[in-house]
Amino acid sequence: MSATETHAFQTEVNQLLKLMIHALYSNKEIFVRELVSNASDALDKLRFEAVSNDALTEGEEELAIQLEFNKEARTITITDNGIGMTRDEVIANIGTIANSGTKKFLESMTGDQAKDSHLIGQFGVGFYSSFIVADEVELVTRKAGTDKAEGTKWVSKGEGEFTLETVEKGQKGTEITLHLKEEMDEFLEEARLKTIITTYSDHINFPIKMEKSEWDEEAKESKSTGEFEQVNKATAIWTQPKSELTDEEYNNFYQTISHDYSEPLAYMHNRVEGTLEYTSLLYLPKQAPFDLYDRERRYGLKLYVKRVFIMDDAEHLMPTYLRFVRGVIDSADLPLNVSREILQSNKVVDKIRSASVKRVLDQLAKLAKAEDQTEYNTFWDQFGQVMKEGVVEDFANKDKIAKLLRFASTHAEASSEQRVSLENYVDRMQEGQEAIYYIVADTHAAAKGSPHLEMFRKKGIEVLLMSDRIDEWLVSHLTEFDGKALKPITSADLKEFEDEAEKDLTEDEKQAREALTEKVKKAIEDKVSDVRITHRLTDSPACVVSAEGDMSAHMARMMEQMGQAMPKQNPVLELNPDHVLVKKLEALDDAKLTEWSLFLLEQAQLAEGDQLEEPAVFIKRMNMLLSETV
Ligand SMILES: Nc1ncnc2c1ncn2[C@@H]1O[C@H](COP(=O)(O)OP(=O)(O)OP(=O)(O)O)[C@@H](O)[C@H]1O
């Protein structure tokens, strides 16, 4: 036996431990689930590796998890005969958090117990949950296939450091002993532990065994018999017929695989037989994980081949935009030694994937059509932005996804909630209206306050109000729906309104307008690409639009924010001929005309959400012009 070495926890681990103990206190029994789930993963890994290296089983036939408790010593012990860990693995896995999301995770803690306990599960700090109930934890482990003398003992009080010692361990696998805190006596009761197991871990794929006890009449207490009995069902839930499973069982399984503490929004359980044979059990969560937008986040699907666990986070089984889907796929057609590389270009995987995507989209379509929209609204608020990625990513399903999209709109413009579908919009289109109109701005307030909406409001034409970061990208890929073009109301060619407005003008009036726009254009020609008369305004004197062929102003701003150098694009200035300020322009001398034209241009740019190059000059000009009128 070697000497004991002391190691310090990484700072983040310390921080995490403290937070966790407080945040999860009201949910303390979850430590059983977390440790059982780790044990089950270790058994899965052993079974998988033993397929190609039988020696790893070390002659043990049965893979199982044992749970024991000792009232006198006040300990609980969880043992598995799985893959185990080497000394280096213990250091790397327990005591270090090699996950790049740690900092982000710590930042996302809110102080609200219920919310934080959700986050903790998602983050996968499973093992550390032992410190909610224990003031000392001992882990003894030996990697399958290594020498019996090469066991490792890890001990910690969860306060800054842990010790390591090389020990002898006969059985491969891991044994974790929790020395319970004073107030944790409830976990030294057989009935309580059994209930926790059947609630959270009933469908763990391996037997979970507990010591049988019998009532001793003389001693007036129950005594253990030394025999172990299985307390969970240990049948993979997805292999059972739907008719034999309850919602509660489905929900519990979801919580086991997702570490989510709430119930799922929906589940889909299908068995496919025929040329292809597989079972899928897929879940839609209610809540987005905190790292939904983290590129390094793990995917939610587990892959099994004929009940043997192959891998977590099988990213090839779902497209990126459906990365929030959790669940299991168990295939009978893939080889057991399948690797991530093989999955990447495999016909079986492609078929399973497209069928699974279809199932998820059909389920969403069902929720989207339901009389009661509460569930779909919950889904949309959590995952709407990633569904928009789908329009771009999943060309084959573009139309289906388009039907699932929801937007804010002038139909109920006070609210920024995205509740209007493209189908709703089309149903409300006016006679003769050919396009689906939208505006993209930085915020909902900027979208609904845009002067471009004035004419649409007057005519009662609905406009979709978009302000998610992804929207500009979305509309560049979704150019039509149901045969109708999607058209930005800021686009240069909104000819449909102009013809009508020009109809009653005399020739003289037309010429006067043309002369005015020419004059203004000349006055500020280095700032605009054109000056035109507009009919999209009713209250504002002017607005700016992008020249035909140019990128929209909003898109250009986004590209700049992303660090992309953009060539300067001069906007088209559009003037409202009926506005008193525009009428006033005709009579001005050249110097004044330039000042007023610049003033109209700059205020139109501000209304658009643009940053002025020289705000101070704008203010000075405005004050100068105002003081002339008082
Ligand atoms: N019983 C065990 N046998 C073998 N390895 C284990 C065992 N328990 C934990 N480990 C190792 O320690 C690592 C960290 O465990 P921990 O529970 O903290 O997080 P995790 O299991 O990776 O995440 P999650 O709980 O989200 O699945 C595991 O990934 C695994 O490699």
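Residues numbered from 1 in each chain as written. Predicted model: local features only at pLDDT ≥ 70, side-chain atom pairs only at ≥ 80, totals over all residues.

Here is the rule: UniProt positions are given in the numbering used here, feature names are shortened, and annotations may be inferred rather than shown by experiment.
Per an unreviewed UniProt entry, the protein chain is named Chaperone protein HtpG, and its organism is Thiomicrorhabdus lithotrophica. For the protein chain, the Subunit (unreviewed entry) comment in UniProt is given as "Homodimer." Entered under Sequence similarities (unreviewed entry) in the UniProt record, the comment concerning the protein chain runs "Belongs to the heat shock protein 90 family."

Quick look at the overall build of the protein chain
For the record, the criterion: Numbering of helices and strands starts at the N terminus; helices are DSSP runs of H or I of at least 4 residues and strands are runs of E of at least 2. Using C-alpha atoms as the atom set, the radius of gyration is obtained and then compared with a globule rule of 2.2 Å times the number of residues to the power 0.38. Any two residues are considered in contact once their C-beta atoms, placed from the backbone, lie within 7 Å.
Across its full length, the protein chain carries 22 helices and 22 strands. The C-alpha radius of gyration computed for the protein chain amounts to 33 Å, which surpasses the reference 25 Å derived for 630 residues by more than 25%, pointing to a less compact arrangement than a globule. By principal-axis analysis of the C-alpha atoms, the protein chain measures approximately 115 × 55 × 45 Å. For the protein chain, contacts bridging at least 24 residues in sequence account for 70% of all contacts bridging at least 6.

Some thoughts on the nonpolar core
To keep things clear, this is the line we draw: When buried Ala, Val, Leu, Ile, Met, Phe, Trp, Tyr and Cys residues are joined through C-beta atoms within 7 Å, the set is termed a nonpolar core. Three exposure classes are used, based on other C-beta atoms lying within 10 Å of a residue's own C-beta, which is placed from the backbone: buried for 20 or more, exposed for 12 or fewer, and partly exposed in between. Domain extents, as shown, originate in an automatic or database domain assignment.
Among the nonpolar cores identified, the biggest contains 69 residues, and Val325, Tyr438, Ile439, Val463 and Leu464 are the most heavily contacted of them. Of the residues forming this core, the biggest block, 8 residues, is contributed by helix α10 (residues 347-369). In terms of domain composition, this core takes at least three residues from each of domain 2 (238-392) and domain 3 (406-489). Among all residues touching Tyr438, those that are not within four sequence positions of it are Val463, Leu464, Met466, Val475, Leu486 and Pro488.

What to know about helix α7 (residues 190-200)
Counting along an α-helix, one turn takes 3.6 residues, and residues three or four places apart therefore face a common direction. Formally: Think of it as the arc spanned by the lines of direction from the helix axis to the C-beta atoms.
Looking at α7, one finds that the buried residues are Leu193, Ile197 and Tyr200. The buried residues of α7 all sit within an arc of 90° when viewed along its axis, so they share a single face. In this structure, the buried residues of α7 make contact with α2 (30-50), β2 (65-70), β8 (208-216) and α8 (247-258).

A closer look at the sheet that holds strand β14 (residues 326-331)
Worth spelling out the cut-off: Think of it this way: DSSP has to see at least two bridges between two strands before they count as a pair. As a rule, the C-alpha atoms of each element are fitted with a line to give its axis, helices using only the stretch in contact, and angles between N-to-C directions run from 0 to 180 degrees.
The 5 strands lie next to each other as β10-β11-β14-β12-β13, forming an open sheet whose pairing is mixed. Bordering the open sheet on either side are β10 (266-272) and β13 (308-311), each of which pairs with just one other strand. This sheet shows a mean twist of 20° between the axes of neighbouring strands, independent of strand direction. Across 5 bridges, the pairing between strand β12 (residues 301-305) and β14 is parallel. By the bridge assignment for β14, Val305 is matched with Ser331. α8 rests against β10, β11 (278-284), β12 and β14 of the sheet, and its axis sits at about 95° to β14.

With respect to the domain arrangement of the protein chain
How big an interface is tends to be reported as the loss of accessible area on association of its parts. We note that the domain assignment places domain 1 (5-234), domain 2 (238-392), domain 3 (406-489) and domain 4 (496-556 + 568-630) within the protein chain. Distance between the C-alpha centres of domain 1 and domain 3: 53 Å.

Some remarks on the sheet that holds strand β16 (residues 436-440)
Judged by pairing direction, the sheet is mixed, and its 5 strands sit side by side in the order β15-β17-β16-β19-β18 without closing on themselves. The open sheet has two free edges, formed respectively by β15 (408-409) and β18 (480-481), since each of these has just one partner strand. Sheet topology places β18 next to strand β19 (residues 484-488); 2 bridges connect them, and they run antiparallel. When the bridges of β19 are listed, Glu480 appears paired with Ala485.

Observations regarding the pairing of β16
For β16, the buried fraction is high: 5 of the 5 residues fall into the buried class. The alternating pattern of β16 places Ile436, Tyr438 and Val440 and Tyr437 and Ile439 on opposite faces, both of which are buried. With 3 bridges joining them, β16 and β19 adopt parallel strand pairing. By the bridge assignment, Tyr437 is partnered in β19 with Lys487. Two strands pair when backbone bridges link them, and β16 and strand β17 (residues 464-466) are joined in this way by 3 bridges, in the parallel orientation. Looking across to β17, one finds that Ile439 is bridged to Leu465.

What about unusual backbone geometry?
At Arg74, a position not held by glycine, the phi torsion is positive, near 60°. Tracing the backbone through its elements, the reader meets Arg74 in the loop between β2 and β3 (75-80). Residue classification places Arg74 among the partly exposed residues on the basis of 17 C-beta atoms within 10 Å. At Ala234, a position not held by glycine, the phi torsion is positive, near 60°. Along the chain, the position of Ala234 falls in the loop between β9 (221-230) and α8.

Things to note about the environment of Asn337
Residue position: Asn337 is located in the loop between β14 and α9 (340-344). Remark: the alpha-carbon pair of Asn337 and Lys181, spanning 156 residues in sequence, is separated by 44 Å. Among all residues touching Asn337, those that are not within four sequence positions of it are Val51 and Ser52.

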